[in-house]
Each structure stands twice: as structure tokens, then as C-alpha cells.
Amino acid sequence: MLKQETIGMSLNKIGITGTIGSGKSVLSAYLLGWDYMVIDADEVGRYLVEPGSELLNKIDEAFAETVLEEDGSLNREKLGEIIFADEKKREKLNSIMHPAIVKSILQMLDDRKGTIFIEMPLLFENRKALEEEGLRFDEVWLVDADPDVRIKRLMARDKIDEAYAKQKIASQMPAEEKRALADKIFENSGDLMALYAQVDKALEELRGEEV
């Protein structure tokens, strides 16, 4: 497979998204293995809220509940429980985080050429705001899996019970709505080779030549 720089001289931004537990990171890791540039919006966010950062201070001030650990780092588990249970608080957090994340991503894209993938869990939920902030996608790739599979993955990954896993999934846009909005859909309920085969086909179509 050719590296991403060979696809073209213009910048082609492709979003990777999917309901929680669908396997977005697996697809991203596969693309990284082929030397494509993949920006993980969650990783950008984690960097921006390091202890002592201006953004972390804003989050701490925005919530009456204590969301910081004793060492000054963000208590992600506590914050997650708060926002998954309260849509208004979730929107408050997004209003703080998203502009900063988008600004950082746009800086990373500056003067770049070729195809770049951006993994963003809540892309469809926040697409209008993202576009208003200057981040637009040429295509959006959706990773999806059967509901039971997503629940089991989430329970195993986050070490949570089934009820909380369902609550997390329910806090996002339904998978059916996301499928209707996506340019390409990747089924990820089975083995990884089946997913990789779908990605290879999509890359072939993207380049207009054999992988």
C-alpha cells in the first residue's frame, strides 16, 4: 500500500466516528500501520487538560462537583458520571472543550497535504459547531457494531456494569441516525480481518487504484 502522501497534493480530511464501543480506535490503529496520519481528538483533549492547564481550570470552575484528583489531575471517571447523567452538563463541558480541541487540530493541519484522518467520537452530534469553528470533513467514515457487541466491549473496557454501559451508549446519537449521515460504513461485529478488508476496499476507492 502506498503512503498517504501519494494520494494527492491537496488536503483531504476524513472523519472517523462511531457509537461508543464500536471500535473506532481499531480502525485508526490499522490506518496508522499504513503510515497514514491519524489525529485522535480525545488524545488532543487529554493533552489540553493536563494538570495546571488553563482549560482544566475552566472545567474545574464550571462544575460545582469536584472533578479534580488530589494531585490536580482530572478525575475522568467522576466527570464522565456527571455528564452522562445530565445533558446540560454534557453540553457545558463540550462548550469548553470543543473550541480548544478544534483550534489545536487546525494548527496540526496547517500546511499539510494528502489525506489525514481525524478520529472524533461525537462528530455527528457536534458537526455544526465543528464547521462553525472551521473544521470541515471531506468524508466521514462510521464504524458500527451490533448493540450487544458494543455493550460487552464497553463493559470490558471501562469495567462497568451493563446498566451504565447502556446509559453511556444512550447519551449519544443512535447508531441508525449516524449510519444515515455517514459516507462510508464499516461493520465491526466480527473478526478484525473482516474489518481490515473493508478498510482496504475503502482506501482503494479513495485512491482510485489497487491497494
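Here is a short report on the structure shown in this document. (Residues numbered from 1 in each chain as written. Predicted model: local features only at pLDDT ≥ 70, side-chain atom pairs only at ≥ 80, totals over all residues. Heavy atoms only, no water.)

This next bit is on the nonpolar core. Membership of the largest hydrophobic core comes to 34 residues, with the highest contact counts inside it found for Ile59 and Ile105. For this core, the secondary structure elements donating two or more residues are strand E2 (37-40), helix H2 (41-48), helix H3 (54-62), helix H4 (76-85), helix H5 (87-109), strand E3 (114-119) and strand E4 (139-144). Top element by residues in this core is H5. It accounts for 7 residues. Setting aside chain neighbours within four positions, we find Ile59 in contact with Val49, Val67, Leu79, Leu93, Ile96 and Met97. Core analysis: the next-biggest nonpolar cluster, separate from the first, contains 17 residues, Val38, Trp141, Val143 and Leu203 among them. (Core = buried A, V, L, I, M, F, W, Y, C linked by side-chain atoms within 4.5 Å. Buried < 20%, exposed > 50% of the residue type's maximum accessible area, 1.4 Å probe, protein only. Helix = DSSP H or I, 4+ residues; strand = E, 2+ residues; numbered from the N terminus. Contact = heavy atoms within 4.5 Å.)

With the rule as written, the count across this model stands at 5 aromatic pairs. Residues Tyr30 and Tyr196 carry aromatic rings whose centres are separated by 4.1 Å and whose planes lie at 5 degrees to one another, so their mutual orientation is stacked. Remark: Tyr196 occurs in helix H10 (residues 192-207) and Tyr30 occurs in helix H1 (residues 24-33); sequence separation between them is 166 residues. For the pair formed by Tyr30 and Tyr196, the shared burial category is buried. Judged by centre distance (5.5 Å) and plane angle (80 degrees), the rings of Tyr36 and Phe117 are edge-to-face. One end of the pair, Tyr36, is in the loop between H1 and E2; the other, Phe117, is in strand E3, and 81 residues separate them in sequence. (Phe/Tyr/Trp six-rings, centres within 6.5 Å; stacked < 30°, edge-to-face > 60°.)

Taken in spatial order, the 5 strands of this open sheet run E2-E3-E1-E4-E5, and their pairing is parallel. Of all the strands in the sheet, the pair left with one neighbour each is E2 and strand E5 (184-187). Averaged over all pairs of adjacent strands, the angle between strand axes in this sheet comes to 25 degrees, irrespective of strand direction. The pairing of E2 with E3 spans 4 bridges and is classified as parallel. Residue pairing for E3: Met37 is matched across the bridge by Ile116. Of the strands in this sheet, strand E1 (11-17), E2, E3, E4 and E5 touch H1, which is tilted by about 145 degrees from E1. Packed onto the sheet, H5 meets E1, E2 and E3 and runs at close to 165 degrees relative to E2. (Pairing = 2+ DSSP bridges. Axes fitted to C-alpha atoms, helices over the stretch in contact; angles between N-to-C directions.)

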